[in-house]
Amino acid sequence: AAPALRVAEVEKGKTPEDFQQVYNAIAKKIIDDDEYDNYIGYGPVLVRLSWHSAGTFDKNDNSGGSYGGTYRFPKETNDPSNKGLQNAKAFLEPIYEQFPWISHGDLYTLGGVTALQEMQGPKVPWRPGRVDLPESATPENGRLPDAENGADYVRNFFKRFGFTDQEVVALIGAHALGKTHMANSGYEGPWGAATNTFSNEFFVNLLNEQWKKEKTEAGNSQYNSPSGFMMMPTDFALKEDNTYLKYVKKYAENQDVFFEDFKNAYKKLLENGIEFPEGTPTIVFKTLDEQEQ
Ligand code: ZEM
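Everything quoted here is computed from the prediction, not taken from an experiment.

Peer 1: Which residues make up the site of the ligand, and what values go with them?
Peer 2: Near the ligand you find 21 residues, and of these H175, K179, H181, N184 and S185 are the closest. Side-chain polar atom of W51 to a nitrogen atom of the ligand: 3.1 Å apart, as the coordinates give it. Contact distances for the ligand include 2.6 Å between an oxygen atom and a side-chain N or O atom of S185. Counting residues per element, the ones that place at least two in the shell around the ligand are α3 (43-54), α8 (165-172), β2 (179-180) and α9 (182-185). Residues of the shell around the ligand, tallied by class, amount to twelve nonpolar, seven polar and two charged. Structurally, the shell around the ligand is a two-domain feature, drawing no fewer than three residues from each of domain 1 (6-143 + 267-292) and domain 2 (151-259).

Peer 1: Can you lay out the coordination of the zinc atom of the ligand for me, pointing to particular residues and giving the numbers?
Peer 2: From the protein, the zinc atom of the ligand takes a single donor atom, H175 (NE2), 2.2 Å away. Topologically, H175 is positioned in the loop between α8 and β2.

Peer 1: Talk me through the nonpolar core; I want residue IDs and the actual numbers.
Peer 2: Core analysis: the biggest nonpolar cluster contains 79 residues, and I26, L46, L92, F158, F202 and Y266 have the highest contact counts within it. Counting residues in hydrophobic clusters, the runner-up holds five residues, among them A8, Y67, L133 and F276.

Peer 1: Provide a residue-level description of helix α1 (residues 16-32), including the pertinent values.
Peer 2: With 17 residues, α1 should cover 24 Å at 1.5 Å per step; its first-to-last C-alpha distance of 24 Å lies within 8% of that length. Among all positions in α1, only F19, Q20, V22, Y23, N24, A25, I26, A27, K29 and I30 are buried. Of the surrounding secondary structure, the elements contacted by the buried residues of α1 are α3, α5 (86-98), α6 (104-118) and α14 (288-292).

Peer 1: Describe the pairing of strand β4 (residues 212-215), and please don't skip the residues or the numbers.
Peer 2: Pairing analysis gives four bridges linking β4 to strand β5 (residues 221-224), with the strands arranged antiparallel. The residue bridging K213 from the neighbouring strand is Y223, located in β5. Two successive antiparallel strands, β4 and β5, enclose a turn made up of five residues, where G219 displays a positive phi of approximately 90°.

Peer 1: Residue-level account of the packing of aromatic side chains, with values.
Peer 2: In the structure shown here, the tally under the stated rule is 27 aromatic pairs. Aromatic pair F161 and F163: ring centres 5.6 Å apart, planes at 20°, arrangement stacked. Accessibility assignment for this pair places F161 and F163 in one class, buried. With a centroid separation of 5.2 Å and an interplanar angle of 85°, the aromatic rings of F202 and F203 are classed as edge-to-face. Assigned by exposure class, F202 and F203 land together as buried. In this structure, K29 is placed above the aromatic ring of F91, and the distance from its NZ or CZ to the ring centre is 5.1 Å. The positively charged end of R155 is found above the aromatic ring belonging to Y244, 4.4 Å away from the centroid.

Peer 1: Give me the lowdown on α6, citing residues and values where you can.
Peer 2: The α-helix advances 3.6 residues per turn, and as a result positions three or four apart in sequence lie on the same side. The end-to-end C-alpha distance of α6, which contains 15 residues, comes to 21 Å, matching closely the 21 Å that a straight helix rising 1.5 Å per residue would cover. In terms of burial, α6 is a largely internal element, 14 of the 15 residues being buried. Following α6 by one or two positions, Q120 has its phi on the positive side, about 70°.

Peer 1: Please give an account of the sheet that holds β5 that cites residues and values.
Peer 2: Across a sheet, paired strands are connected by hydrogen bonds in the backbone, their directions being either parallel or antiparallel. Sheet architecture is open: three strands sit in the order β4-β5-β6, paired in antiparallel fashion. With one partner strand each, in any of the chains shown, β4 and β6 (230-231) form the two edges of the open sheet. In terms of strand pairing, β5 meets β6 through two bridges, oriented antiparallel. For Y223, the partnering residue across the bridge sits in β6 and is M231.

The rules behind the values
Going along each chain's sequence as written, the residues are numbered from 1 onward. The model is predicted, so local features are restricted to residues of pLDDT at least 70 and side-chain atom pairs to those at 80 or more, both for listing and for counting; the totals for chains, interfaces and linings are taken over all residues. Based on all heavy atoms of the structure, the side-chain values leave hydrogens and waters out of the count. We call a residue near a molecule or strand when any one of its heavy atoms sits within 4 Å of it. Two N or O atoms count as a polar contact when they lie within 3.5 Å, although within protein this holds only if one can serve as hydrogen donor and the other as acceptor, and sequence-adjacent residues are included solely when both atoms are side-chain atoms. Secondary structure elements follow DSSP: runs of H or I of four or more residues count as helices, runs of E of two or more count as strands, with numbering from the N terminus. Residue classes follow a fixed rule: Ala, Val, Leu, Ile, Met, Phe, Trp, Tyr, Cys and Pro count as nonpolar, while Asp, Glu, Lys and Arg count as charged, and any other residue, Gly among them, counts as polar. Domain extents, as shown, originate in an automatic or database domain assignment. Each metal's donors comprise the N, O and S atoms found within 2.8 Å of it (within 3.2 Å for Na, K or Ca). Water is not part of the atom list, so some coordination spheres may appear incomplete. Remark: nonpolar core denotes a set of buried residues (Ala, Val, Leu, Ile, Met, Phe, Trp, Tyr, Cys) joined through side-chain atoms within 4.5 Å. Working definition: with a 1.4 Å probe on protein chains only, accessible area under 20% of the residue-type maximum means buried, over 50% means exposed, and in between means partly exposed. The span you would expect from a helix comes to 1.5 Å times its residue count less one. Residue contacts are counted whenever heavy atoms from the two residues lie within 4.5 Å of one another. One bridge is not enough; two strands pair if DSSP finds at least two bridges between them. Note on aromatic contacts: the rings of Phe and Tyr and the six-membered ring of Trp form a pair at centre separations within 6.5 Å, being stacked when their planes are under 30 degrees apart, edge-to-face when over 60 apart, and tilted otherwise. Placement of a positive charge over a ring is assigned whenever Lys NZ or Arg CZ falls within 6 Å of the ring centre and within 35 degrees of the normal to the ring plane.

Right, dumping it as structure tokens:
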């Protein structure tokens, strides 16, 4: 099929200040609803929703991706790979009621950028203008990755996005955030100690913990450490592949380099397949902390 052209069109009359207001509402609700998931809060699951809303992309026909906001339709919401994300969807519903002019693609991606920045992550320059597509544009289930796999699978999977090895390693560093939940995925536990602060802890733990491969009660393979941390097979694969390992070491040694590479790869993930016309603003949001000063 000929690549569909996805041209951004900023919501009529809206300026960067309007999107900062949406950012602020999301950031405040993260603070207010802090009891979610045993006080991890909604930050990690919002980052995961932003990734899954964009993670259906296929560069071969420019289908899927964040543009159309198709996660809102039942076929995509109910994709088994999206289990757990209904919590992030419900979190964003009152935000959408307050700002009904925003497109779903903008809301899902902005939710992730807000959560990341409020969890001490890097500033992610963000551009608006995704346009809601009809239900017929919803991609089939099965475009999201399966964690029971090794390095070859991971490398091949991310080819669909045009990501390099370096970008893939940087992106999976997001697993410093949040945890796995048996009922969602058949894995259980966090990758590290600071589940709602963004850091390079995923890489440090991958290198330094003593890992033991075990079976979960769902029958999946999971690596566990005495500190109570875990890795899925696709996480552990980053240590088993020499090219991936090079970047794991680099990011474990230097958090600034990780933040810079993550920022760039995550921005690319959220913008895959979209053409932003000249004049589209690039917005660097202020955190709530910065606005209080
Ligand atoms: Zn994840 N991820 N992910 N990921 N992810 C989970 C949780 C989280 C994979 C995967 O199978 C899973 C990226 C890449 C990949 C986050 C962000 C990003 C879970 C656990 C699974 C199974 C879900 C549960 O049980 O609730 C695989 C196979 C990946 C690539 C090979 C990328 C890229 C991400 C962002 C840039 C985050 C933040 C979480 C934690 C969610 C939470 O609720 O705590």
